[in-house]
Amino acid sequence: MSPSVSDADLSVCDREPIHLLGGIQPRGVLVAFHPGSESVAVVSANAAALLGAGPDALLGKPVSGVLPHGLLARVEAGVGPGPVTVEVSGQRCFALLHESDGLRVLELEPLVDGDAGAEETALSAVQRLVSPLAYAKGPVALLQEAADAVRALIGYDRVMVYRFHADFHGEVVAESVREGVDSFLGLHYPASDIPAQARALYTRNPVRLIADVDAKAVALVPPVLPGTQRPLDLSGSALRSVSEIHLEYLRNMGVGASFSVSLLKDGQLWGLMACHHLSPRMVSAARRQACEVLARLLSLQLSAEERSQEAAAQARRASLLNMLVLPKLGDRSPAKALEAQAPLLMELTGAHGVALVLGASAGPESSPLLLGTTPSAEEVHALVAWLSMGELPGEVFHVDRLGDVYPPLASRADVAAGLLAVRLDPSVPHYALWFRPEVTRTVAWAGDPNKPVRPEPGHARLRPRASFDVWREEMRGASTPWSAQDLEAARALKGALVGVVLRHAEELATLSRELARSNAELDAFGGSVAHDLKEPLRGILQYSSFLQEDFGDTLGAEGRQQLESLAWLAKRTHSLIDDLFEFSRLGRLELSWAETDQQALVEDVLRTLGARLEEGRVEVRLPRRLPTVACDAVRIRQVWANLISNAAKYQTAEPRWVEVGFLGPGESRPAAARHVKAPYIFYVRDPGIGIAPQFHEAIFELFRRLHPAQAYGGGSGAGLAIARRLVSLHGGALWLDSAPGQGSTFYFTLGEEPRS
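What this report covers is the structure whose coordinates are included nearby. (Residues numbered from 1 in each chain as written. Predicted model: local features only at pLDDT ≥ 70, side-chain atom pairs only at ≥ 80, totals over all residues. Heavy atoms only, no water.)

### Here we look at the overall build of the chain
In step 1: Check the secondary structure of the chain and you find 20 helices and 29 strands.
In step 2: In the chain, which comprises 756 residues, the proportion classed as buried is 46%.
In step 3: In the chain, of all internal contacts separated by at least 6 residues, the share reaching a separation of at least 24 is 66%.
In step 4: Carbon and sulfur atoms make up 55% of the accessible area of the chain, which totals about 37300 Å². (Helix = DSSP H or I, 4+ residues; strand = E, 2+ residues; numbered from the N terminus. Buried < 20%, exposed > 50% of the residue type's maximum accessible area, 1.4 Å probe, protein only. Contact = heavy atoms within 4.5 Å. Areas by Shrake-Rupley, 256 points an atom, 1.4 Å probe, with all protein chains shown as cover.)

### Brief notes about the sheet that holds strand β6 (residues 103-110)
In step 1: Strand order in the open sheet formed by seven strands is β1-β11-β3-β2-β6-β5-β4, with antiparallel pairing between adjacent strands. The open sheet is flanked by β1 (23-24) and β4 (84-88), the only strands paired with a single partner.
In step 2: Pairing geometry for strand β3 (residues 40-44) and strand β11 (residues 218-221), over two bridges, is antiparallel. Within β11, the residue paired with serine 44 across the bridge is leucine 220. (Pairing = 2+ DSSP bridges.)

### Quick look at the side chain of glutamate 292
In step 1: Within the secondary structure, glutamate 292 is located in helix α11 (residues 285-325).
In step 2: Every residue in contact with glutamate 292, bar those within four places of it in the chain, is listed here: Pro206, Val207 and Val261.

### Section: the nonpolar core
In step 1: Val639, Trp640, Leu643, Ile644 and Phe748 are the most contacted members of the largest nonpolar core, which has 36 residues in total.
In step 2: Apart from the residues lying within four places of it in its own chain, the contact partners of phenylalanine 748 are Val639, Trp640, Leu643, Tyr680, Ile681, Phe682, Val727, Ala733, Leu734 and Trp735.
In step 3: In this structure, Leu143, Val159, Val283 and Cys291 belong to the second largest nonpolar core, which totals 28 residues. (Core = buried A, V, L, I, M, F, W, Y, C linked by side-chain atoms within 4.5 Å.)

### Comments concerning the sheet that holds strand β18 (residues 430-436)
In step 1: Strand order in the open sheet made by the five strands is β15-β14-β18-β17-β16, with antiparallel pairing throughout. For this open sheet the edge positions go to β15 (369-372) and β16 (396-399), each flanked by a neighbour on one side alone. Recorded for the sheet is a direction-independent mean angle of 10° between the axes of neighbouring strands.
In step 2: Across four bridges, the pairing between β16 and strand β17 (residues 418-425) is antiparallel. Across the sheet, residue phenylalanine 397 finds its bridge partner in β17, namely alanine 421.
In step 3: In the packing of helix α14 (residues 377-389) onto the sheet, contacts are made with β14 (353-357), β15, β16, β17 and β18, and the angle to β18 comes to roughly 115°. (Axes fitted to C-alpha atoms, helices over the stretch in contact; angles between N-to-C directions.)

### Looking at the packing of helix α19 (residues 633-649) against helix α20 (residues 719-729)
In step 1: Contact pair α19 / α20: the axes reach a minimum separation of 9 Å and the direction vectors enclose 145°. Taken as a pair, α19 and α20 cross one another with a handedness that is left-handed. Residues Arg635, Gln638, Val639, Asn642, Leu643 and Asn646 of α19 form the contact with α20, whose own contacting residues are Gly719, Leu720, Ile722, Ala723, Leu726 and Val727.
In step 2: Each residue belonging to the contact of α19 with α20 can be placed in one class, and the counts come to seven nonpolar, four polar and one charged. (Left-handed = near helix turned anticlockwise from the far one by under 90°. Nonpolar A, V, L, I, M, F, W, Y, C, P; charged D, E, K, R; others polar.)

### A closer look at the packing of aromatic side chains
In step 1: On inspection of all chains with the given rule, the structure shows 13 aromatic pairs.
In step 2: Their ring planes at 85° and their centres at 5.8 Å tell us that tryptophan 386 and phenylalanine 397 sit as a pair that is edge-to-face. One end of the pair, tryptophan 386, is in helix α14; the other, phenylalanine 397, is in strand β16, with 11 residues separating them in the sequence.
In step 3: A residue is classified by how much of its surface remains accessible, and tryptophan 386, at 27% relative accessible area, is partly exposed.
In step 4: Taken together, Trp640, Phe662, Tyr680, Phe682 and Phe748 form an aromatic cluster joined through their ring pairs.
In step 5: Its end group placed over the ring of tryptophan 482, arginine 436 keeps NZ or CZ at 3.8 Å from the ring centre. (Phe/Tyr/Trp six-rings, centres within 6.5 Å; stacked < 30°, edge-to-face > 60°. Lys NZ or Arg CZ within 6 Å of the ring centre and 35° of its normal.)

### Examining the packing of helix α18 (residues 598-615) against α19
In step 1: Closest axis-to-axis distance for the α18/α19 pair is 9 Å, and the angle between their directions is 45°. The pairing of α18 with α19 is recorded here as oblique in orientation. For the pair α18 and α19, the crossing hand works out as right-handed. When α18 is examined against α19, the residues Gln598, Leu601, Val602, Asp604, Val605, Leu606, Thr608, Leu609, Arg612 and Leu613 are found in contact with a partner set consisting of Ala633, Ile636, Arg637, Trp640, Ala641, Ile644, Ser645 and Ala648.
In step 2: The residue makeup of the contact of α18 with α19, split by class, is 12 nonpolar, three polar and three charged. (Parallel < 35°, antiparallel > 145°, perpendicular 65-115°, else oblique.)

### Observations regarding the pattern of salt bridges
Where charged atoms from two side chains of opposite charge approach closely, those side chains can pair.
In step 1: Applying the stated criterion across every chain, the model contains 19 salt bridges.
In step 2: The salt bridge partner of glutamate 619 is arginine 621, with a shortest N-O separation of 3.5 Å.
In step 3: A relative accessible area of 30% places arginine 621 in the partly exposed class.
In step 4: Glutamate 654 is the salt-bridge partner of arginine 656, the closest N and O atoms lying 4.0 Å from each other.
In step 5: Residue glutamate 654 is classed as partly exposed on the basis of its relative accessible area of 47%.
In step 6: If you follow the salt bridges from partner to partner, you end up with Arg27, Glu109 and Arg288 in one network. (Salt bridge = Lys/Arg side-chain N within 4 Å of Asp/Glu carboxyl O.)

Now the structure itself:
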């Protein structure tokens, strides 16, 4: 039964021992011998054609008796690793020598017709190849010139520059092609076309020639090495035979001969100069060496250009960092200072959006600074929580397919397909996050990359795909990859931000000391002013009382009324001074947090207000017992007292009532409280005169009243301002839901006790 593609997958290709195929191409002869005794250990089956004797006669004999006198010495004396021209049995050959499996391996390759007369030294060939490269401007032009030069030298029908991507799939980025031959420029090839072990051999042995894809391989004798039970390792061999899978792949492409030269960058395989000829074609060893030298020079020039671009980019990033760090903060926070330089922050890494999470706790109540195109604040908080759960390698995390590793943002690829994150402080979740959108692009594949192989009928071996028709695929969900320079810029910004934050902390410390001194002076001044202002007011009240008692009858009704107004104004001014002094001190309060029974707190307030409530015939309703929460009991008692007394005051119709209650966790909430996420929401409700929506915020302003000063029992207009300030100090909020004639409901929440 034939295996399915899923059963015989591409790992078969990856595991094929292509360096241990036990044969060579028929264009040469191989002799391997022991270094000490120089006795022949392995020889190719075609040795008789060149050496005059077959394997049976050669094995075990000294190599000096097999080769012409002095030949091995001349090969060993050759300059560099390239071929040496020698004469064997009256035939000129290229000789190559290397070591493998503890043996010295000699390869002899007879010169073909025309090679002897047109043989070039590697130096002259390289000169011909390198000259056009000097005029090339930019990497694209450089690669094109190299492709043209190689095709002119070796005469192949097609010469391609094939570049590997990060996932090891390849792309033809430059091409020189004979007229009438199909062009592959711009086509992509799946990584399985050049599997891992093939890429390893291209790195180790940079030149590979297959002069005739239909030529039969020549076996090695013996087929396996004694003691190892495997064939001689031919990784360093120029004559190494070819995997049948690869030969079939070339035949499917219509190729008769193949020649490739590796392009290495910093020791890693960057790409290939891949050459095809539609019929068999030999490339001499000298020309192969010339192409190898050209490839090395090309790699060096590409590296130089890339490093030049990197140096320019690093200089630009250094300039950007300098501009980000230099500005004085003044009275601005680091976040506000950076907000003004959003374009610089995004240019630093080539991002479209930046999120800075720099709040005191970076929790849900701390809004991140969002610049450019980013996910929402809630999505950023959730992402930071996810990042904080894992270990960031080097404190930096980057991905160009965020949706694959963090599904909640999989649908936001238009904003955040790519993420680069750096943690600014290991002790708290402070982050700088850069976002890139997806880059939708159409990739032209040479055949369907999803069906790269097919099983051979009756065999487990996979066969390469036969179709190379252009197959187009739309790639979505990925951003442009983050470069090493982007990561370095993120790390550099971390250091810069730490400097900014430290400088800001120093400035804050200075301001705090100055503020503390000013507050102390203000307290002393405020106490003095309050005392000095209240003293004459007490005198005015006292003398107006004396006048009423001593001269009330002689003043008449109008005089008595004016004295009463004078006394009322003095009392009101006295109250205003007390409220103003109280409000000014709120910002410097230190709350005394404790678990507090709100039911007991409200009952205490009702006992205090009892006489006033009874006089106004106001019923207080508590639908259920209030919960226990953490707060400063003294200050929240003030809040309850203010809200309940206000609710009782602003009613005209019977019956008069005030309802005190709460909304607990998981309970349904009215529209006015639906947006609040606090576990408990307390409220005070009344059926009174109500307040128009345009005044819902105005009533919380200090000394702001919506009615005449003496209406509804008077008052300074400071109570609600003080109540909101006290709630705010607890980390909560106080707001209103009301309409004219429909009563009012005041809601408030309390935050959590700060952790030490």
